[in-house]
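Observations on the model geometry
As a plain string of letters, each chain reads:
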Amino acid sequence: MANCCGGKNAGKPISWGRYAAGLGVFVGYHGAMRVLLEAASRVSPDLKKVRDFHKSVFETELKEVLRLEDINVNGRLGAPSTPEGACEVNPRLGEVVAVRAGEAMAPRAEPRPAPTPKRRKGRPPLGVVSPV
Amino acid sequence: MTTPYIPASDVLSSTGKTSRIGSSAGFPAVEPNSIALMFSGGIDSTALAITLSDHYDRVHLVTYKNGYGHYYHHRTEARVAELNEKLSTPGGPPKFTHAVISTKDYFDQIVVNSVLEDYKQYRSGFIWFMGCKMAMHMRSALYCLENGVRFMTDGSNVDTEEMVEQMLISLTLIHHFYDDLTVEFGTPVYNVRRAESKELIRQYGLNMGYEVMDRHLCIQPTCLAGELYYMPYLLFNKRVKHDEAEVARFIEQKAEICNRIVGEYFKRKSVDLGALLNDRRAQMTALGPRRALVAA
């Protein structure tokens, strides 16, 4: 899950070319948004907090991208720890029912686990991705 | 603690009635075989809509607009038209009803108004997206309560679980939220491979949009904030950092705001929420246990 591997493509190697092109898109898109929010917040002061929020997120992300944090350029971090970046299946699983039109379909993988969030009093255990 | 703000009307467009509740109308009868689906028109929700049409007499599609860089909702409307054309019985009523609803005022109260304080607390941009989705889920619960809909679902899928709102922890807590409001929520295509969903859509000859890097463009609304936030993951395969404990804490915190909005929403309509929930529970008990979404 996202917490363990950060997405199915997380950690897959990319080339320097892709990194450079990606950096251009990243800075260009965020930069354009920064300008847009700056202008919009002058017209509508309510948007100042949105502008400042975007600025904070952008700056944090940019620093991480420039430090190559969690970015596997040219395989410098090795292969992802699990095949294709997939997370290991947790054996404590709740039932998942998957269906498609017209026929029953077996679950794709082992049933997946019910995470154990803090529970409120008296609430029964829950099958996470329960069928409707 | 301020009283939540409830807009006079948040329905932007609709192909059917969006509320069957009111001070004089009594409580709506729970429909035995209908379901509501949070619908964007993308791959997962379209495949799910097709699947649901096989199992339910009526599918309520609900689409939301958060008011912050959330555009092109006409794409969803085009998808609904396609679905009705392909899947409704000729001459009969449309299988799918569709409502486009603004969640901006709710989103503002849940996250936007406090976004800087929340960011200081959680140190991650996920708060924007989780807050947005919570506004949508909250409004979906209202929709179900107002229309006698027992089941609620969405197209959450393991293949896009890097998105904070599709993490198992998020779906679990959202399930609890619905549960308290007597709405039965599930994500039946969570473990269905996207390739199978795509194949299903192709079988029905529906628009697939433009395929770029496993994404299908121009078939659903665009969320500028989402594009920006997930860009490092998409461009650089950079790990998305969503700490489960922090996500859970955020949801629990914001669920309280959602519950206050729900209470105020019905108060404005002079509806006793407790009585409505009791009435639904009694009706649902009479209808019997929930039917699992499995093939006939």
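For clarity, every value in this text was computed on a predicted model and none was experimentally measured. (Residues numbered from 1 in each chain as written. Chains lettered and ligands numbered in written order. Predicted model: local features only at pLDDT ≥ 70, side-chain atom pairs only at ≥ 80, totals over all residues. Heavy atoms only, no water.)

A few points about the overall build of chain A
Our working rule: Per the convention used, a helix needs a DSSP run of H or I reaching at least four residues, while a strand needs a run of E reaching at least two, with both numbered from the N terminus. Think of it in three bands: residues with accessible area under 20% of the maximum for their type are buried, residues over 50% are exposed, and the middle band is partly exposed, with areas taken using a 1.4 Å probe on protein chains only. Contacts: residue pairs with any heavy atoms within 4.5 Å of one another. All accessibility values rest on the Shrake-Rupley procedure with a 1.4 Å probe; residue burial counts only the protein chains present in the view.
Helix and strand content of chain A: three helices and two strands. In sequence order, chain A lays out its α and β elements as α-α-α-β-β. A buried classification covers 37% of the 132 residues belonging to chain A. For chain A, contacts bridging at least 24 residues in sequence account for 49% of all contacts bridging at least 6. Within the structure as shown, chain A displays about 7400 Å² of accessible surface, and the carbon and sulfur contribution to it stands at 58%.

Section: the packing of aromatic side chains
As a reminder, the rule being used: Any two of the Phe, Tyr and Trp rings considered here, Trp counted by its six-membered ring, make a pair once their centres fall within 6.5 Å; the pair's planes then place it as stacked at under 30 degrees, edge-to-face at over 60, or tilted in between.
Taken as a whole, this structure holds 20 aromatic pairs over all chains when the rule is applied. Judged by centre distance (5.4 Å) and plane angle (50 degrees), the ring pair of Tyr19 of chain A and Phe236 of chain B falls under tilted. On the criterion of chain membership, the pair formed by Tyr19 of chain A in helix α2 (residues 16–43) and Phe236 of chain B in helix α9 (residues 231–236) is interchain, its members lying in two chains. Under the relative-accessibility criterion, Tyr19 of chain A is labelled buried at 8%. Note on Phe236 of chain B: relative accessible area 0%, which makes it buried. The interplanar angle of 15 degrees and the centroid separation of 4.8 Å between the aromatic rings of Tyr178 of chain B and Phe185 of chain B together place this pair among those described as stacked. Grouping residues by exposure puts Tyr178 of chain B and Phe185 of chain B together as buried. Here a set of aromatic residues connected by ring pairs shows up, and it is made of Trp16, Tyr19, Phe26 and Phe58 of chain A together with Phe236 of chain B.

Looking at the packing of helix α1 (residues 43–55) of chain B against helix α2 (residues 74–87) of chain B
All names here are of chain B. Threshold: Here the axes come from fitting lines to C-alpha atoms, over the contacting stretch only for helices, and the angles between their N-to-C directions go from 0 to 180 degrees. Here the angle decides the label: under 35 degrees means roughly parallel, over 145 means roughly antiparallel, 65 to 115 means roughly perpendicular, and every other value means oblique. Each crossing gets its handedness from the near helix: less than a right angle anticlockwise from the far helix is left-handed, clockwise is right-handed. When residues are grouped by polarity, Ala, Val, Leu, Ile, Met, Phe, Trp, Tyr, Cys and Pro land in nonpolar, Asp, Glu, Lys and Arg in charged, and all others, Gly among them, in polar.
α2 packs onto α1 with a crossing angle of 30 degrees between their chain directions and a minimal axis gap of 11 Å. In this view, α1 runs roughly parallel relative to α2, as classed from their interaxial angle. Two packed elements cross with a definite hand, and for α1 against α2 that hand is right-handed. Contacts between α1 and α2 involve Thr46, Ala49, Ile50 and Ser53 on the former and, on the latter, Arg79, Leu83 and Leu87. Of the residues assigned to the contact of α1 with α2, the class counts are four nonpolar, two polar and one charged.

Re helix α6 (residues 168–180) of chain B
All names here are of chain B. This is how the line gets drawn: A helix is expected to span 1.5 Å for every residue after the first.
With 13 residues, α6 should reach 18 Å at 1.5 Å per residue; the first-to-last C-alpha distance of 19 Å fits that figure. Taken across its 13 residues, α6 has eleven buried, putting it largely inside the fold. Inspection of α6 places Leu168, Ile169, Ser170, Leu171, Thr172, Leu173, Ile174, His175, His176, Phe177 and Tyr178 among the buried residues, and these make up the whole buried set. Looking at the buried side of α6, the elements it contacts are β2 (34–38), α5 (126–147), β6 (151–154), β7 (184–186) and α10 (244–268).

Looking at a nonpolar patch on the surface
Selection rule: Each patch is built from salt-bridge-free residues with over 30% relative accessible area, joining like charges within 9 Å and nonpolar side chains (Val, Leu, Ile, Met, Phe, Trp, Tyr) within 5 Å. When a carboxyl oxygen of Asp or Glu lies within 4 Å of a side-chain nitrogen of Lys or Arg, that pair is called a salt bridge.
Taken together, Tyr210, Val212, Met213 and Leu217 of chain B make up a surface patch of nonpolar side chains, about 430 Å² in accessible area. Mapped onto the secondary structure, Val212 of chain B falls in strand β8 (residues 210–212).

As for the pairing of strand β3 (residues 58–65) of chain B
Residue and element names in this part refer to chain B. Inclusion rule: Paired strands, in this sense, are two strands between which DSSP finds at least two bridges. Seen with the strands pointing away from the viewer, any crossover whose path from the first strand over the helix to the second strand runs clockwise is right-handed.
A large share of β3 lies buried, amounting to six of its eight residues. Judged from the five bridges that link them, β2 and β3 form a sheet pairing that is parallel. Within β3, the residue paired with Ser34 across the bridge is Arg58. In this fold, β2 hands off to α1, which returns the chain to β3; that crossover is right-handed. Two strands pair when backbone bridges link them, and β3 and strand β5 (residues 96–102) are joined in this way by seven bridges, in the parallel orientation. Across the sheet, the residue bridging to Val62 is Ala99, located in β5.

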